[in-house]
Amino acid sequence: MNGALVNELYERLDSLPIVDIHTHVNWKTGTARNIGEILSYHYYTELANSAEFQRGDVPFEDPEELTRLMLPKLRFLRNTVQYDWLMMISREYLGLEAEDWAPENWKMIFDRSVEVMDRPEWKDELAAQAGIERVFLTNQYDDDLDGLDEDFYTPCLRTEPFILWMDRAQERQKMEAFFRRPLRSVRDFTAILQATFERFMAHGMGYAAMSIPANFRTFPVSDEEAQRLLDKAIAGGTWDAAEREVWGAYAMARVCDACRRYGRPFHLMIGVDRDVYAHGVPGGTDLFASVNSLRGYDYLLNTYWDVPFPTAVLADTSGLELVAAAWIRHNV
Amino acid sequence: MNGALVNELYERLDSLPIVDIHTHVNWKTGTARNIGEILSYHYYTELANSAEFQRGDVPFEDPEELTRLMLPKLRFLRNTVQYDWLMMISREYLGLEAEDWAPENWKMIFDRSVEVMDRPEWKDELAAQAGIERVFLTNQYDDDLDGLDEDFYTPCLRTEPFILWMDRAQERQKMEAFFRRPLRSVRDFTAILQATFERFMAHGMGYAAMSIPANFRTFPVSDEEAQRLLDKAIAGGTWDAAEREVWGAYAMARVCDACRRYGRPFHLMIGVDRDVYAHGVPGGTDLFASVNSLRGYDYLLNTYWDVPFPTAVLADTSGLELVAAAWIRHNV
Amino acid sequence: MNGALVNELYERLDSLPIVDIHTHVNWKTGTARNIGEILSYHYYTELANSAEFQRGDVPFEDPEELTRLMLPKLRFLRNTVQYDWLMMISREYLGLEAEDWAPENWKMIFDRSVEVMDRPEWKDELAAQAGIERVFLTNQYDDDLDGLDEDFYTPCLRTEPFILWMDRAQERQKMEAFFRRPLRSVRDFTAILQATFERFMAHGMGYAAMSIPANFRTFPVSDEEAQRLLDKAIAGGTWDAAEREVWGAYAMARVCDACRRYGRPFHLMIGVDRDVYAHGVPGGTDLFASVNSLRGYDYLLNTYWDVPFPTAVLADTSGLELVAAAWIRHNV
C-alpha cells in the first residue's frame, strides 16, 4: 500500500472530533476505573471463553480477580484487534509495553491502571485527549437521568421492552411501578410511551433505538388486535411466534408515532439472534444469521416517511441491501 | 495502483467495439435530445429525491423545467458516479466544465444541449464516437417495430405481461385487442406467445427477457391447472400468492417452449422487488432482497437444456451462486 | 503487489509440511496411475461439460479413451485454475510443456503419464516431494480398512447413510448385511453406530464427517419419535420432508453421542444441494444455495459442548456467519 497516502488519510481522520453515536458506557462513571473493567467487557471475555473454554463463572463483580484470571489467557488473543486495542491503551495511558503483560505482573498492571483511571479528572482528560465531543448513550426507559451532563451526553432510548417483551408479566409490572399507572390497554401503552419520550426529551433525547431480530416484519395492526394480544398476556397467556410478530409490528408503529411527534430519529440495529450460544459469557451469547432481508421494514419506512431511520445491520449479507435502501429511500 | 497497467487495461478495453446488450432507449429517437432527458432518468431523479426529499411530482414531460429544478440538487450528488458521468458528458459533448454547472446557468446548459443533441446526425455521430456497433432493445410485445434499423438495433421481448400479470383484466384485454383474438384458453395464450415471437423474429429478435422477483420458483404445471387459473381470472377472481406462483411457472415454461422453437435465448434478470418504496420517482421505487436463491430455477434450466439462459442477478448475495451455476451448468 | 513480500509469504507457506485434512483418494492406490485418472476428476469433466455440452456418457472406466476425448476440450479451460494445475503437473512430473498438449498428442501424453505415475514407488516419491505428511481419508462405514498404513493415512467416517438415507430399504439392508445384525430399532441403530466407531477407532479414526444440505436443523428428538419413523420406513412408508428432518436431527445427535464417547471431532461440511443439475457428469451435479443459515445447528453445538466441530461452508454468504460462530463458540 501507498504509505504516504495511508498516513495522510489517517492523520486527517484522526484530527476530526469524535461524536460517539453508540456506546454502552454508564454516564455516572463515564469510563472504566481500572483495567479489570476493560477486560470484563465481552469483547475480551468472549474471546478468552472461545479460545480456552472453562465452565464456571467469570468474577465480573471483582475486577482485580478478573484481571488475575484474564492475564494468562491473553496469549490466545494476540492475533486479534481487541488485543491490539488493549496494548495501545497500555502503552498510551499506563506506560506499559506489551512485554510487561506477563501473567505474574497482573497485580502491578491492575494497580497502575487504578492509579491512572480511578482519578476524578480522568474522564475529562481522556475525552480531551481523544477529541470526544459528544456521546450518545444507551438508556433503558427507567434509567436515572437526573444530573446528566447534557453538554457531553445525549440520552437515547432502547425500545426493546415495549416492542419485544410486553408479554412478560415482570416487564409490565416493572413499567407499571416505574410510571405509577396501570398498563392494561393500548391507551395505557401509548401513554407510557409518551411519558417516556417526555422524560427523555427533557434531557435532550438523541434517538429511539432497537436491536432487532433477523427477519422482523412490519405491517398495519389495529388497536383492537393489539388490545386482544395485551388482554391475553395480562390473563397469563403466552404469545406464539405469530402473535409476537403482530405485537412487534404494532408497538414499533407506536414508537414511530412518538418519534414523529417529538421529531426524533429511530435508530434500527438489525439482525441479532439473541442467546443462541448457551455457554457464553454475559454479552457473549448472541450471533447473527446470514439469512435476513430488510423487506419487512417497507411498511414502516413508507408510512413514517417523515421520521429518519439511521440503520445498521449485523450481517455482511445485508450490507448491499442497506446501501441500496439508503440510496433509494430518503429516510434511511 | 500500478498506473501504467491501469492505463493499458483501460486503453485495451476502450478500443473494443461496444455491443449494448441491455438498454431502455426508444429506437425511434435513439438518444436524449437535450440534457433534461438525461437528467430525467431515474439514476438522477432518484438520487435527488433521496438526498433532498420533496413531495410532489417531477415534471418529466417538460425537460427544460426539469433541468431548472434539478440543477440546484446536483450539489448533493457530487460524490456519485452518476455525477461523474454527467460531467463527462458535459465536457466531451457540450464543452462545459463542472464549474459551469451553477444553478443559475440552467438555461444556458439546456440550450447548449439542444444545440448539440437535437440534430438529426447526433445519434450516428455519438454511436461512431463511442464505437457502439449494436444495441439490444427492451421491447414490449406491442411495441411498433416497423422501420426498425435492424443493422443497428435488435428487438428483445419483455415477457412480464405473460408471466406475472395475466390475472389483470386490463392486461388481457390489451392483449386481445392487439392480437385481435380472444384470450380465454391456454391454447389462446400459447398462440399469442407464438404470434409475438413470429413478429419479433421478423425483425431480427435478440432474446426473450424478464425481470424476475426474488425467490421465483419453476416446476411442472399441467395445461389443466393453468386453464383453471385462467378461468378464475376471467371470471373476475384474484389469484393468491400460490396461484400466482403456479401461473408463473406455467407461463415461463411456455415462453421457454417458444425460445426453444425459435432458437432464442431467455435472458433472466433475477431478484427485483418492485414498488417497495412508496415515495420514489418513476423508475426509482424498486429494491432487491439479499435473501434470494436460484434454487427455484432448477426445473427450468434442466428441462430446457437446449435453451441458453444468459442470467443476471441484482443481489450481491446471489453472485457466487450464479458463478457456480454458470461453471457447472452448460446453459447458464 | 509487492513481489518480494509475495515471494516470501509463498516460500514460507511452501516450506510447511502438508497435512491433507480432506481428500477422496482411495488409500489402496493412493495416487492417479495415469493422466486419464486425473482428467476424469469432476473438476475437469464438469468444466468440459459446461463449456461444450455433449449428451452421452464419459468413459470413466477407460482412462486412455477419456484422455483422447478430453484433450480437444482443454482449449475451453485455459482460463481456469484447474488448467493451471494440470499444466503444473505436466511440467513438474511429466516434463511436458503446455504447447505439448495438442489434441493429436493425447497418446504420447497418456503413455508418458503411465511411465511416471504407474510405478510402485510413485506414491512415496510424490508425498516426499510435496511434503505431504498425513492424509485424512473420506471413508464409507463399510470401506475395507485392513492393511491401512496408519502412519500416513487417517480414516474418517462419512455419516450421510445414517443421517440422511435411513428410509431407503436398500441402505438398511446393506447395513444389516455388513454388520450381520438386524436394524429394526433405534437400539439397533445406536449399536451399529457404535460398531462403526469401534472399527474406525481400531484404525486410528480421525473424525466423523458429513456433507449437509442447506438449512439443516437440529433439535431434541425422543427415542420414541425416532422409533416411530424407523417403523414407518421398515413398513415400506416414505418420509415426508418434516419426518426426514426429525430423523436427521435424531441421528445426528446419536453420531455426536459417539463422537463424545470416543473423543472424536465431527466435521460439518455445510450447504450442498445434491443432484440439482440433471445433465452433469458424475460428481458434477451439485450446487449450493446462497440462502443458508447456521442457526439450525445451535441445539447441536450447545448440547455437545465437549465435542469439537471443525466446520466448513460452501456458500460465500455463510462465511462471516461461520467466522462469528467460531469467534464466539468454543467448540466451532
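All of these numbers come straight from a predicted model, not from anything done at the bench. (Residues numbered from 1 in each chain as written. Chains lettered and ligands numbered in written order. Predicted model: local features only at pLDDT ≥ 70, side-chain atom pairs only at ≥ 80, totals over all residues. Heavy atoms only, no water.)

Let us look at the overall build of chain A. A tally of helices and strands in chain A yields 14 helices and eight strands. Looking at the 332 residues of chain A, the share that counts as buried comes to 49%. If you take every contact in chain A between residues at least 6 apart in sequence, the share linking residues at least 24 apart comes to 71%. Within the structure as shown, chain A displays about 16000 Å² of accessible surface, and the carbon and sulfur contribution to it stands at 52%. (Helix = DSSP H or I, 4+ residues; strand = E, 2+ residues; numbered from the N terminus. Buried < 20%, exposed > 50% of the residue type's maximum accessible area, 1.4 Å probe, protein only. Contact = heavy atoms within 4.5 Å. Areas by Shrake-Rupley, 256 points an atom, 1.4 Å probe, with all protein chains shown as cover.)

This part is about the pattern of salt bridges. The tally for this structure, following the rule as stated, stands at 66 salt bridges over all chains. The partner of R260(A) in a salt bridge is D306(A), with the nearest N and O atoms 2.9 Å apart. One end of the pair, R260(A), is in helix α12 (residues 241-262); the other, D306(A), is in the loop between α13 (298-303) and β8 (311-313), with 46 residues separating them in the sequence. With a relative accessible area of 36%, R260(A) lands in the partly exposed category. Relative accessible area serves as the criterion here: at 38%, D306(A) is assigned to the partly exposed category. Salt bridges sharing partners connect three or more residues here, namely D273(A), R295(C), D298(C), E321(C) and R329(C). (Salt bridge = Lys/Arg side-chain N within 4 Å of Asp/Glu carboxyl O.)

Taken together, the 18 residues of chain A in the interface contact 21 residues of chain B. Both sides together, the interface formed by chain A and chain B hides about 1800 Å², and carbon and sulfur atoms give 62% of it. If you sort the residues of chain A by the area they bury against chain B, W327(A), I328(A) and H330(A) come out on top, with a joint share of 34%. Taken together, the connections running from chain A to chain B amount to one salt bridge. The salt bridge partner of R295(A) is D273(B), with a shortest N-O separation of 2.7 Å. Looking at the side of chain A that touches chain B, the elements that each hand over two or more residues are α13 and α14 (319-328) of chain A. (Buried area = accessible area lost by both parts, 1.4 Å probe.)

This brings us to the environment of A102(C). Mapping A102(C) onto the fold places it in the loop between α5 (81-94) and α6 (106-117). With 30 residues separating them in the primary sequence, A102(C) and P72(C) have C-alpha atoms 7.5 Å apart.

Residue and element names in this part refer to chain A. In this structure, strand β1 (residues 18-20) lies alongside strand β2 (residues 132-136), joined through three bridges in parallel fashion. The residue bridging D20 from the neighbouring strand is V135, located in β2. Judged from the two bridges that link them, β2 and strand β3 (residues 153-154) form a sheet pairing that is parallel. Each bridged residue has a counterpart across the sheet, and for V135 the counterpart in β3 is Y153. (Pairing = 2+ DSSP bridges.)

Before going further, it helps to spend a moment on the domain arrangement of chain A. Residue and element names in this part refer to chain A. Looking at the assigned domains, one finds that chain A contains domain 1 (34-117) and domain 2 (137-328). Each of domain 1 and domain 2 was reduced to a C-alpha centroid, and the two centroids are 34 Å apart. The partner domain 2 presents seven residues to the eight residues of domain 1 that form the contact. Buried surface at the junction of domain 1 and domain 2, both sides included, amounts to about 550 Å², of which 65% is carbon and sulfur. At the boundary of domain 1 with domain 2, the tally comes to zero salt bridges. Looking at the side of domain 1 that touches domain 2, its residues break down into three nonpolar, three polar and two charged. (Domains from an automatic or database assignment. Nonpolar A, V, L, I, M, F, W, Y, C, P; charged D, E, K, R; others polar.)

Okay, unusual backbone geometry next. In this structure, N215(A) is a non-glycine residue whose phi angle is positive, near 65°. Considering the arrangement of structural elements, one finds N215(A) in the loop between β5 (208-213) and α11 (223-234). What makes N215(A) partly exposed here is its relative accessible area of 37%. You will see that R180(C), though not glycine, has its phi angle at about 50°, which is positive. Counting through the fold element by element, R180(C) comes out in the loop between α9 (169-179) and α10 (186-201).

This part takes up the interface of chain A and chain C. At the interface, 21 residues of chain A touch 18 residues of chain C. Between chain A and chain C, a total of about 1800 Å² is buried, with carbon and sulfur atoms accounting for 62% of that surface. Taken together, chain A and chain C are joined by one salt bridge. Linking chain A to chain C there are 14 residue pairs in polar contact (both at pLDDT 80 or more). Counting residues per element, the side of chain A that touches chain C draws most heavily on helix α3 (residues 42-51) of chain A, at four residues. A breakdown of the residues in the side of chain A that touches chain C according to their chemical character gives nine nonpolar, seven polar and five charged. (Polar contact = N/O pair within 3.5 Å; in protein donor to acceptor, adjacent residues only side chain to side chain.)

On the basis of which strands lie adjacent, the open sheet formed by three strands has the order β1-β2-β3 (chain C) and parallel pairing. With partners counted over all chains shown, the strands left at the sheet margins are β1 (18-20) and β3 (153-154) of chain C, one partner each.

We now examine the pairing of β5(A). All names here are of chain A. Within β5, five of the six residues are buried, which leaves the element mostly enclosed by the surrounding structure. Note: strand β4 (residues 157-158) against β5, two bridges, orientation parallel. Residue pairing in the sheet places L157 in a bridge with A208 of β5. The pairing of β5 with strand β6 (residues 266-273) spans six bridges and is classified as parallel. Bridging from a neighbouring strand, I212 pairs with I270 of β6.

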